[in-house]
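# Structural characterization, general
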Amino acid sequence: MSSNLFATKSLDRLMNEAHESGAHSLKRTLGPFQLTALGVGAIIGAGIFVLSGLGAHYAGPGLMLSFVLSGLGCAFAGLCYAEFAAMIPLAGSAYTYAYATLGELLAWIIGWDLTLEYAMGASTVSSGWSNHFIELLNIFQIRMPLWLAYDHWTALKTAQNIVARQMAQASDPSLVPGTQAFLTRVSEVMGAQSPVLAQRARELLNAPTIFGVEFGFNLPAFVIALVITAILVVGIKESARFNATIVVVKVAVVLFVIWVGFKYVNTENWGHDWSSFAPYGFSGIGAGAAYIFFAYIGFDAVSTTAQEAKNPQRDLPIGIITSLVVCTALYILVASVLTGMVPWREINIEAPIARAFLDRGLATASHIITLGALAGLTSVMLVMMLGQTRVLYAMAKDGLLPQGFFAAVHPKFRTPWKNTILVGFVAAIVGSVTPIDDIGKMVNIGTLLAFVIVCIAIMVLRKTNPGQARPFRTPWVPLVPLLGIGFNSYMMYKLGWINWLRLIVWLIIGLIVYFSYGRHHSHLAKDNAAGGRR
């Protein structure tokens, strides 16, 4: 039985599964535009509107090169994904690719790991969506109670932050909100944790209690997760159409930022030599890349829709590579606008682009940017949840999860409706009651691990199946996958030991599930056992 742990699925078997049709199969409706839109939808989110500010404080105007470095790291992995997606057009993404090359146990590990990227990613994004929705309400002078706008811990921290800002402004009226000096003073007030701060924060929060315990519930995060779930259940074509509409809106907003912002660019802010362009040298550019890398997460979700693409061998590589190229170009242009509009030391960390426009008196433009961030997060959540449901579907089809539930296809909508509802409900609950910062870091390390495994798998498959037809070939193998392994492993290293510990604990839980259920219900293991008896 131990040999089954590393048994691989043959490519012939995978191709037969890819060509299945009928009421119990997924519906093929996606073309290259919809697949590219799914990729752009997953990539462009709040990252471009928020993380750019943090990256700029490490890289200076060299933030443009930070985006190039991060884009290259994703491109190396993306080229490997493209070869697999064209050759093995099945739902499951990295899970399916690992099953074909590295064996069932490693396939299970990567499938379990992808839950960190997709399901927990959707929870993280639902919370971020809520924050921007609240900002949108504030534009119209609509205020939600803090306890109903955030989970309890985040609501309390938000109340403390509001009070700390008031105390910082009162202590030194010359401080300008949004500047580094102001944020440093706010951090000092927060760090002191004075009784006055704690009391005023509790009064501001005014949270209800259940059995004497204060309660907080992020209602917007809960509702948007359920709305996205309903859209995904109705059908992939409808989901793709909704996503494409949202993508058009947010790309239009990004182009608006570039077009209007360039009118206010002062080229002196970019520096006049290397030391002023990259004040902390290559080290600073690398650090900036480590932070803004996470703005790229999601392009791999395109590969999870392989069984719903009309012509997956041709269109999946187009969707993956085009979405990466488009987003990298937009990111570099936005970085050049931001660092040109504002000297890098003065760039706002919390809302860099919106604040840059507000400081120029462009309030309407700032509101449009908020709308763009809201639209961006909506499509990110849709694609993350879509990716999770397709990975679970693929694992259930292999018998590693209960097939009657996770692989059940709705007779009318032709979507895996049961597992979609479960994923949506879990994302809604986690996003509405859990502090999301640490989960977001787990999303990052889970994603990077998937990238590394796919890069390894492409080299294994070139050795084990060199003659297999490949509609798209990763160029310069083994250089490209080795670069992908090196770059993404380095990014995992930079996330710190605590996130490695969380990843290990999560994988141990996954192994318990595998050895208690998946190993004993694996279709491949049963077929191999039957063949051995014959």
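Right, let's walk through the structure included here.

Thresholds applied
- Residues numbered from 1 in each chain as written.
- Predicted model: local features only at pLDDT ≥ 70, side-chain atom pairs only at ≥ 80, totals over all residues.
- Heavy atoms only, no water.
- Helix = DSSP H or I, 4+ residues; strand = E, 2+ residues; numbered from the N terminus.
- Rg over C-alpha atoms; globule rule 2.2 N^0.38 Å.
- Contact = heavy atoms within 4.5 Å.
- Areas by Shrake-Rupley, 256 points an atom, 1.4 Å probe, with all protein chains shown as cover.
- Lys, Arg positive; Asp, Glu negative; His and termini not counted.
- Charge placed at Lys NZ, Arg CZ, Asp CG, Glu CD.
- Patch = residues over 30% accessible without salt bridge, like charges linked within 9 Å, V, L, I, M, F, W, Y side chains within 5 Å.
- Salt bridge = Lys/Arg side-chain N within 4 Å of Asp/Glu carboxyl O.
- Buried < 20%, exposed > 50% of the residue type's maximum accessible area, 1.4 Å probe, protein only.
- Axes fitted to C-alpha atoms, helices over the stretch in contact; angles between N-to-C directions.
- Parallel < 35°, antiparallel > 145°, perpendicular 65-115°, else oblique.
- Left-handed = near helix turned anticlockwise from the far one by under 90°.
- Nonpolar A, V, L, I, M, F, W, Y, C, P; charged D, E, K, R; others polar.
- Core = buried A, V, L, I, M, F, W, Y, C linked by side-chain atoms within 4.5 Å.

### Regarding the overall build of the protein chain
- Summing up its helical and strand segments, the protein chain has 23 helices and two strands in all.
- The C-alpha atoms of the protein chain give a radius of gyration of 24 Å, which matches the 24 Å a tight globule of 534 residues would have.
- Look at the contacts in the protein chain between residues 6 or more apart in sequence, and 83% of them connect residues 24 or more apart.
- As displayed, the protein chain has an accessible area near 21400 Å², and 67% of this comes from carbon and sulfur atoms.
- Charge separation in the protein chain, taken as the distance between the mean sites of 35 positive and 26 negative side-chain charges, equals 8 Å.

### Side note on the environment of leucine 35
- Assignment of secondary structure puts leucine 35 in helix α2 (residues 32-43).
- When the C-alpha positions of leucine 35 and aspartate 527 are compared, they lie 34 Å apart, and in sequence the two are 492 residues distant.
- Dropping the residues within four chain positions of it, leucine 35 is found in contact with Leu30, Val302, Thr305, Ala309, Asp315, Leu316 and Gly319.

### Points about a nonpolar patch on the surface
- Taken together, the side chains of Leu65, Val68, Leu69, Leu72, Trp274 and Phe282 make up a nonpolar region of the molecular surface, amounting to roughly 530 Å² of accessible area.
- Broken down by element, the nonpolar patch gets its largest block of residues, four residues, from helix α4 (residues 63-87).
- Assignment of secondary structure puts leucine 65 in helix α4.
- The class of leucine 65 is partly exposed, set by a relative accessible area of 33%.

### Here we look at the pattern of salt bridges
- The full count for this structure, using the stated rule, is seven salt bridges.
- Among the ionic pairs, aspartate 527 bridges to arginine 13, the shortest N-O distance being 2.9 Å. One end of the pair, aspartate 527, is in helix α23 (residues 523-533); the other, arginine 13, is in helix α1 (residues 11-18), and 514 residues separate them in sequence.
- Relative accessible area serves as the criterion here: at 23%, arginine 13 is assigned to the partly exposed category.
- The partner of arginine 314 in a salt bridge is aspartate 315, with the nearest N and O atoms 2.5 Å apart.
- What you see here is one network of salt bridges that share partners, running through Glu83, Arg462 and Arg470.

### Examining the packing of helix α6 (residues 104-139) against helix α22 (residues 497-521)
- Following both chains from N to C, one finds α6 and α22 inclined at 125°, their axes separated by 9 Å at the closest point. The angle between α6 and α22 falls in the class oblique. The two elements α6 and α22 meet at a crossing, and its hand is right-handed. Along the contact surface, α6 presents Glu104, Leu105, Trp108, Ile109, Trp112, Asp113, Thr115 and Leu116, while α22 presents Leu503, Trp506, Leu507, Ile509, Gly510, Leu511, Val513, Tyr514, Phe515 and Arg519.
- Here the contact of α6 with α22 is built from residues that sort into 13 nonpolar, two polar and three charged.

### Regarding the nonpolar core
- Counting residues in each nonpolar core, the largest one holds 147 residues, and the members touching the most others are Ile44, Tyr81, Phe84, Tyr95, Phe299 and Phe357.
- Sorting elements by how many residues they give to this core places helix α17 (residues 363-397) first, with 18 residues.
- The residues contacting phenylalanine 299, other than those within four sequence positions of it, are Ala42, Ile43, Cys74, Ala77, Gly78, Tyr81, Ile320, Ser323, Leu324 and Phe451.

### Re unusual backbone geometry
- Cis geometry is adopted by the peptide bond preceding proline 478, which originates at valine 477 and carries an omega value of 15°.
- In this structure, proline 478 sits in the loop between α20 (437-464) and α21 (479-494).
- Phi is positive for asparagine 206, close to 50°, though the residue is something other than glycine.
- Its relative accessible area of 60% is what places asparagine 206 among the exposed residues.
- With a phi angle near 55°, tryptophan 476 is a residue other than glycine that sits in the positive phi range.
- Within the secondary structure, tryptophan 476 sits in the loop between α20 and α21.
- Note on tryptophan 476: relative accessible area 65%, which makes it exposed.

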